[in-house]
Amino acid sequence: MSADLLDPVVFLSVNGVAEWLPLSEARLPVLDRGFIFGDGIYEVVPVYGRVPFRMDHHLARLARSLGAVGITNPFDNAGWKARIFELIDGFADDNQMVYIQVTRGVAKRGHAFPADTQPTVFMMNNPLVLPTAALRADGAAVVSATDNRWLRCDIKSVSLLGNVLMAQHAAEQGAAETIMFRDGNLTEGSSSNIWVVRDGVLLAPVRDHRILEGIRYSLMAELAESVGIAFTARAISEAEVRAADELLLTSATKEVIPITRLDGQPVGDGRPGPVYARLYAAYQRAKEQSRAQFAR
Ligand code: PDD
């Protein structure tokens, strides 16, 4: 496979025909239900030093998302891993983000599930561009909005229009992210989970249909425990968010970053806080451990 950064080799399986080919040559029939209905799910897996980070967690969530929408999982875990490693090995950068998308497949347009359709599978990688040292030192500015998305946010669906509009809301105000409130309580960011620190305790919204359970959700809980920070999952009111000592944001590509401004107001003292610093350090240690444990 070529190691061309601009035109990397990707995996595409349409109607049961699988191919490895340059991204620029990958083609989909327009009747793919991912295109027509947003009828599919996806994953984003960070890769450090050619080792996927928490891959089993990502594959478990992929299987959960597929099960929730009634798409047959096209591969078992060994099959996914073989293809993910092939993709990683064909890419120039050591640090990558692997994108995986599975749709219900290609069929004549009609809302209900078609019979005898094979899932479409697409996998590509990009360089993993981590937050800059300047962003980690200054923290991110975010804005807020009312969460008006559907009520199955626990499914990692490619139907992301609600999230796209929230991300655009932030972009138009020069902010890094929009954090959302539903019925007066914190849900999540447009493409991230949000964490609140009050009196030294790390808080997160409960894992239910209102948020996507990030792979970093259980990771942060583990990291907090490992460094002696109490963690509680519960409903968090908008007032509590606005009065937080610290706010944090996590995602596969952002890792963990501090939020230092919300709707133009400083968060806490307006500087990244001590709980962030300890969790960031613990996150970096977890990456190193994973690279050592799963080195190929
Ligand atoms: N998004 N919530 C939403 C709505 C997300 O889109 C994401 C991640 C997360 C965090 O999940 P994780 O820790 O597994 O990355 C929470 C990815 C990165 C994306 O859409 O690109």
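Reading the values: the criteria
- Residues numbered from 1 in each chain as written.
- Predicted model: local features only at pLDDT ≥ 70, side-chain atom pairs only at ≥ 80, totals over all residues.
- Heavy atoms only, no water.
- 1 Å grid on protein atoms, 1.4 Å probe; cavity = no way out; pocket = protein on both sides within 12 Å on 5 of 7 lines; lining within 4 Å.
- Points joined across faces, edges and corners; volume = space filled by probe spheres on them.
- Helix = DSSP H or I, 4+ residues; strand = E, 2+ residues; numbered from the N terminus.
- Phe/Tyr/Trp six-rings, centres within 6.5 Å; stacked < 30°, edge-to-face > 60°.
- Lys NZ or Arg CZ within 6 Å of the ring centre and 35° of its normal.
- Contact = heavy atoms within 4.5 Å.
- Patch = residues over 30% accessible without salt bridge, like charges linked within 9 Å, V, L, I, M, F, W, Y side chains within 5 Å.
- Areas by Shrake-Rupley, 256 points an atom, 1.4 Å probe, with all protein chains shown as cover.
- Salt bridge = Lys/Arg side-chain N within 4 Å of Asp/Glu carboxyl O.
- Buried < 20%, exposed > 50% of the residue type's maximum accessible area, 1.4 Å probe, protein only.
- Pairing = 2+ DSSP bridges.
- Axes fitted to C-alpha atoms, helices over the stretch in contact; angles between N-to-C directions.
- Core = buried A, V, L, I, M, F, W, Y, C linked by side-chain atoms within 4.5 Å.
- Right-handed = clockwise from strand over helix to strand, strands pointing away.
- Near = heavy atom within 4 Å.
- Polar contact = N/O pair within 3.5 Å; in protein donor to acceptor, adjacent residues only side chain to side chain.
- Sits in = over half its atoms within 2 Å of the grid points.
- Nonpolar A, V, L, I, M, F, W, Y, C, P; charged D, E, K, R; others polar.

**Let's talk about empty space enclosed by the protein**
Thought 1: All told, the structure shown has one cavity of 30 Å³ or more when counted by the stated rule.
Thought 2: If you add up the space inside the largest cavity, you get close to 40 Å³.
Thought 3: D245, E246, L247, L248, P258, I259, T260, V267, R271, P272 and G273 together form the lining of the largest cavity.
Thought 4: When contributions to the lining of the largest cavity are tallied by element, the ones reaching two or more residues are β13 (246–251) and β14 (255–262).

**Points about the packing of aromatic side chains**
Thought 1: In total, this model carries 11 aromatic pairs according to the counting rule given.
Thought 2: Among the aromatic residues, ring-to-ring pairing joins F11, W20, F75 and W80 into one connected group.
Thought 3: Residue placement shows R83 over the ring face of F75; its charged tip is 3.6 Å from the ring centre.
Thought 4: One residue, R104, lies across the ring of F113, its end atom 3.5 Å from the ring centre.

**What to know about the side chain of S218**
Thought 1: Note that S218 resides in helix α6 (residues 215–226).
Thought 2: Those residues in contact with S218 that lie beyond four places of it in its chain are R54, H57 and R207.

**Overview of a nonpolar patch on the surface**
Thought 1: On the surface, V30, L31 and F35 cluster together into a nonpolar patch covering about 320 Å² of accessible area.
Thought 2: Assignment of secondary structure puts L31 in the loop between β2 (17–22) and α1 (33–37).
Thought 3: A residue is classified by how much of its surface remains accessible, and L31, at 37% relative accessible area, is partly exposed.

**Considering the sheet that holds strand β5 (residues 96–103)**
Thought 1: One open sheet holds the six strands; their spatial order is β2-β1-β6-β5-β3-β4, and the pairing between them is antiparallel. On the outer flanks of this sheet lie β2 and β4 (51–52), each paired with one strand and no other.
Thought 2: Here two bridges tie strand β3 (residues 40–48) to β4, and the two strands are oriented antiparallel to one another. Paired with V47 across the two strands is P52, which belongs to β4.
Thought 3: Sitting on the sheet, helix α3 (residues 77–89) is in contact with β1 (9–14), β2, β3, β4, β5 and β6 (120–127), with an inclination near 40° to β6.

**A word on the nonpolar core**
Thought 1: Of all hydrophobic cores here, the largest spans 36 residues; its most connected members are Y99, L202, L248 and L279.
Thought 2: Every element with two or more residues in this core is listed here: β1, β3, β5, β6, β10 (193–198), β11 (201–204), α6 and α8 (274–294).
Thought 3: With seven residues, α8 is the single largest residue contributor to this core.
Thought 4: Ignoring anything within four residues of it in the chain, the contact list for Y99 reads Y42, E43, V44, F122, M123, M124 and V158.
Thought 5: In this structure, V45, V47, V121 and I155 belong to the second largest nonpolar core, which totals 21 residues.

**Points about the pairing of strand β7 (residues 140–146)**
Thought 1: Of all the seven residues making up β7, five are buried; the element is thus mostly covered by neighbouring parts of the structure.
Thought 2: Pairing geometry for β7 and β14, over three bridges, is parallel. When the sheet's bridge partners are listed, A141 is paired in β14 with R261.
Thought 3: The pairing of β7 with strand β8 (residues 177–182) spans five bridges and is parallel. Bridging from a neighbouring strand, A145 pairs with M180 of β8.
Thought 4: Each parallel crossover has a hand, and for β7 linked through helix α5 (residues 161–172) to β8 it is right-handed.

**Observations regarding the site of the ligand**
Thought 1: Taken together, 17 residues surround the ligand, and among them Y42, E188, I215, R216 and A252 come closest.
Thought 2: Separating an oxygen atom of the ligand from a side-chain N or O atom of Y42 is a distance of 2.6 Å.
Thought 3: In isolation the ligand exposes 480 Å². Once the protein is present, 89% of that is buried.
Thought 4: A molecule is said to occupy a pocket when more than half its atoms come within 2 Å of that pocket's grid points, and by this definition the ligand occupies the largest pocket.
Thought 5: Mapped onto the shell around the ligand, the elements with two or more residues apiece are β3, β9 (185–189) and α6.
Thought 6: Of the residues assigned to the shell around the ligand, the class counts are five nonpolar, eight polar and four charged.

**Some remarks on the environment of K81**
Thought 1: Looking at the element boundaries, K81 is found in helix α3.
Thought 2: The exposure class assigned to K81 is partly exposed, which follows from its relative accessible area of 24%.

**Some remarks on the layout of surface pockets**
Thought 1: Of the volumes computed, that of the largest pocket is approximately 870 Å³.
Thought 2: As for the largest pocket, its lining consists of 35 residues, and the residues nearest its centre are Y42, K156, S190, S191 and S192.
Thought 3: Those elements that place two or more of their residues in the lining of the largest pocket are β3, α5, β9, α6 and β13.
Thought 4: Ranked by residue count, the leading element in the lining of the largest pocket is α5, at six residues.
Thought 5: For the lining of the largest pocket, a count of residues per class yields 15 nonpolar, 13 polar and seven charged.

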